[in-house]
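Fold and contact review
Below are the chains, spelled out letter by letter.
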Number of protein chains: 2
Amino acid sequence: MSIRRQAIEAGAPPGVSCRECALQAICLPAHLPSEEARALEAAVQRGRQLRPGVTLVRAGEPMGALFVVRSGSAKRYSVTLGGGEQVHGFVLPGEAIGLEGFASGRYTCEVSALEPLSYCRVPIRKLEQLLERLPGLRHEILRLLGQALDESQRLRGELAQSDARGRVAHFLADLSHRLARRGLSPTEFRLSMSRADIARHLGLTLETVSRALGTFKREGWLRVRARDISVLQPDALAALGGGIA
Amino acid sequence: MSIRRQAIEAGAPPGVSCRECALQAICLPAHLPSEEARALEAAVQRGRQLRPGVTLVRAGEPMGALFVVRSGSAKRYSVTLGGGEQVHGFVLPGEAIGLEGFASGRYTCEVSALEPLSYCRVPIRKLEQLLERLPGLRHEILRLLGQALDESQRLRGELAQSDARGRVAHFLADLSHRLARRGLSPTEFRLSMSRADIARHLGLTLETVSRALGTFKREGWLRVRARDISVLQPDALAALGGGIA
DNA sequence: ATCAGTACTTGACATGGATCAAGTTTTGCA
DNA sequence: TGCAAAACTTGATCCATGTCAAGTACTGAT
């Protein structure tokens, strides 16, 4: 806890404004009129880089802030009664962390870094003040929540309807799509999460995930070497995965 | 479409104010200071009762309003490429419809009545105006969205981790819990949805749902007669279902 | 560079749930 | 009230995926 406190610098260093950020096009301020973006930026704190494995928010903790990933990636999960992990998803740069906290004022899942993770932090107090006078931000926060809800439902549908290969294909196609939006290669990437994490996310076992990747490889859809993925036939994956928008 | 338009009366008839509504304790205005509740109420339109099978909102349609069920129940679903239904969930009195619309300004799933359905309607335009000046309402809408998100994730975890009996147990325990919050019996109720709907919601086949109910019956946890359910051992269900808060 | 620990792959086998196929009950309508 | 259609239950079979067990390939530390 004290580690996390230390990790946060008070206020935004002038050199790293949102306007200069690589994520400009997809991050929170992207859809805001410029004077709202400026007001938001003044409230944003920039966190120091976290090392892999470090937890950014814990379930049950009061919701002090909304976070946005600046670089790296993170895993959202909750711990079941049996001590197992339910992996809710993976967070990429420009994506928000902590939205479910609005439900009760406390976070309901854990988020920990998979790679070195840097992030921005918007204190809830400030956010609420800003919401009072920035209609664009109000709209944007609602949009973000609606989107998260919609995605969660869509993914649940996918889980309910697809077999193992379909789920893994969907996972890869979704990841590929999200990477592309960030200007990264949709065909060459490195998975930051383990097979076990993927499995727990998709409701499968790690062996089944491994086998699914194996068959995709054999069919010539992928090249797989440990966590490095090359997508050779994106269409085949997308078709099996049930269509990513 | 014209049917739906006709079904909506302009303004709230004086006799059915929120203060007199049976759902007072759990509905949207429940957590609002009274002057905010009054302002909200002035914006609420009351829809005429819809007959079972009638669709309240359609996927792709612009989000004109947020709805709240007053009585009856509804099914939220989307239609897949193959023409099948993915059932996202069931809506009970006091619960909101259309929240995912905030994502893009359009509804992303269909909602249709399972029983005779009456509802309230909050036009989005009015809602946005109110959000500008009612901090309590702002908070409440965020809470609602956060809650929906959290529930969706939790349910997905349940799907990913439980077997067929666990899912059906969870479904019943959840329903029981939600009915209780509405002042209805948590142990004696009538399912408004078909086995097929339950199955599509849980990612199972209707045969498997039927068999799960059969085993619960045999174990003495339930009495089942068609759609009438008596819960004899709520604890057993809750335990299998993985714990409902 | 080597080694130990972890992550991953692959194989054999068991099983829960899907599928196919009757039968039975319930419901809505005449 | 009775009939037809829909909803549901029950049974038999098969297959995908979980489980258990080895073996291989990374990765990071010394």
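Moving on, we get to the overall build of chain A. When helices and strands are counted, chain A shows eight helices and eleven strands. Relative to a compact globule of 245 residues, whose C-alpha radius of gyration would be 18 Å, chain A shows 19 Å and is just as compact. By principal-axis analysis of the C-alpha atoms, chain A measures approximately 55 × 40 × 30 Å. Within chain A, buried positions represent 56% of all 245 residues. Residue pairs in contact within chain A that sit at least 24 positions apart in sequence constitute 73% of those at least 6 positions apart. Summed over all atoms, the accessible surface of chain A reaches about 11300 Å², with 51% contributed by carbon and sulfur. Put simply, chain A has 34 plus and 25 minus side-chain charges, and the middle of one group is 4 Å from the middle of the other.

Here we come to the relation of the copies chain B and chain A. What connects the two chain copies is a rotation about an axis and a shift along it. Screw-axis analysis of chain B against chain A gives a translation of 0.0 Å along the axis, an RMSD of 0.0 Å, and a rotation angle of 180°. In short, the pair behaves as if placed about a two-fold rotation axis. Identified as the residue of chain B closest to the rotation axis by C-alpha distance is Leu149(B), at 2.5 Å. Both copies share a contact surface, since 100% of the interface residues of chain B are interface residues in chain A too.

As a structural note, the neighbourhood of DNA strand D is formed by 17 residues, with Asp163(A), Ala164(A), Thr208(A), Ser210(B) and Arg227(B) the closest of them. Protein-adjacent atoms of DNA strand D, using a 4 Å cutoff, are sugar or phosphate at a proportion of 64%. Side-chain polar atom of Arg227(B) to a phosphate oxygen of DNA strand D: 2.8 Å apart, as the coordinates give it. Secondary structure elements with two or more residues in the surface near DNA strand D: α7 (206-218) of chain A together with α7 (206-218) of chain B. No other element matches α7(B), which puts four residues into the surface near DNA strand D. Here the surface near DNA strand D is composed, by residue class, of three nonpolar, five polar and nine charged.

Let's shift gears to α7(A). Residues and elements named next belong to chain A. For α7, spanning 13 residues, the distance from its first C-alpha to its last is 18 Å, which sits close to the expected 18 Å at 1.5 Å a residue. Among the residues of α7, those classed as buried are Val-209, Ala-212, Leu-213, Gly-214, Thr-215 and Phe-216. The inward-facing, buried residues of α7 contact α5 (164-181), α6 (195-202), β10 (222-225) and α8 (234-240). One or two residues past the end of α7 sits Gly-220, with phi positive at roughly 85°.

Attention now goes to the domain arrangement of chain A. Residues and elements named next belong to chain A. On domain assignment, one finds that chain A holds domain 1 (2-155) and domain 2 (162-240). A straight line from the C-alpha centre of domain 1 to that of domain 2 covers 26 Å. On the side of domain 2, 13 residues touch domain 1, which itself brings 16 residues to the contact. The three residues of domain 1 that bury the most area against domain 2 are Ile-26, Phe-90 and Leu-92, which together make up 43% of that side's buried surface. Applying the counting criterion to the domain 1 and domain 2 interface returns four salt bridges. A salt bridge links Arg-178 to Glu-95, with the shortest nitrogen-to-oxygen separation between them at 2.9 Å. Our count for the contact surface shared by domain 1 and domain 2 stands at eight residue pairs in polar contact (both at pLDDT 80 or more). Looking at the side of domain 1 that touches domain 2, the element that brings in the most residues is strand β5 (residues 85-91), giving six residues. The class makeup of the residues in the side of domain 1 that touches domain 2 is eight nonpolar, four polar and four charged.

Neighbouring DNA strand C are 18 residues, the closest being Arg195(A), Ser210(A), Asp163(B), Ala164(B) and Thr208(B). Of what DNA strand C places within 4 Å of the protein, 64% of the atoms are sugar or phosphate. Residue Arg211(A) places a side-chain N or O atom 2.9 Å away from a base nitrogen belonging to DNA strand C. Arg225(B) places a polar side-chain atom, nitrogen or oxygen, 3.4 Å from a phosphate oxygen of DNA strand C. Residue assignment for the surface near DNA strand C shows that the elements contributing at least two residues are α7 of chain A together with α7 of chain B. A class-by-class count of the residues in the surface near DNA strand C yields four nonpolar, five polar and nine charged.

A few words now on the nonpolar core. Formed by 86 residues in total, the largest nonpolar core has its most connected members in Phe102(A), Leu137(A), Ile141(A), Phe102(B), Leu137(B) and Ile141(B). Contact partners of Leu137(B), with chain neighbours within four places excluded, come to Leu28(B), Leu32(B), Glu36(B), Leu40(B), Leu127(B), Leu130(B) and Leu131(B).

Residues and elements named next belong to chain A. Where α6 contacts α7, the axes come no closer than 8 Å and their chain directions differ by 100°. Classified by the angle their axes make, α6 and α7 are roughly perpendicular. Between α6 and α7, the residues in contact are Arg-195, Ala-196, Ile-198 and Ala-199 and Leu-206, Val-209 and Leu-213, respectively. In terms of residue class, the contact of α6 with α7 is made up of six nonpolar, no polar and one charged.

Rules used in this analysis
Residues numbered from 1 in each chain as written. Chains lettered and ligands numbered in written order. Predicted model: local features only at pLDDT ≥ 70, side-chain atom pairs only at ≥ 80, totals over all residues. Heavy atoms only, no water. Helix = DSSP H or I, 4+ residues; strand = E, 2+ residues; numbered from the N terminus. Rg over C-alpha atoms; globule rule 2.2 N^0.38 Å. Buried < 20%, exposed > 50% of the residue type's maximum accessible area, 1.4 Å probe, protein only. Contact = heavy atoms within 4.5 Å. Areas by Shrake-Rupley, 256 points an atom, 1.4 Å probe, with all protein chains shown as cover. Lys, Arg positive; Asp, Glu negative; His and termini not counted. Charge placed at Lys NZ, Arg CZ, Asp CG, Glu CD. Least-squares fit on C-alpha atoms with pLDDT ≥ 70 in both. Near = heavy atom within 4 Å. Polar contact = N/O pair within 3.5 Å; in protein donor to acceptor, adjacent residues only side chain to side chain. Nonpolar A, V, L, I, M, F, W, Y, C, P; charged D, E, K, R; others polar. Expected span 1.5 Å × (residues − 1). Domains from an automatic or database assignment. Buried area = accessible area lost by both parts, 1.4 Å probe. Salt bridge = Lys/Arg side-chain N within 4 Å of Asp/Glu carboxyl O. Core = buried A, V, L, I, M, F, W, Y, C linked by side-chain atoms within 4.5 Å. Axes fitted to C-alpha atoms, helices over the stretch in contact; angles between N-to-C directions. Parallel < 35°, antiparallel > 145°, perpendicular 65-115°, else oblique.

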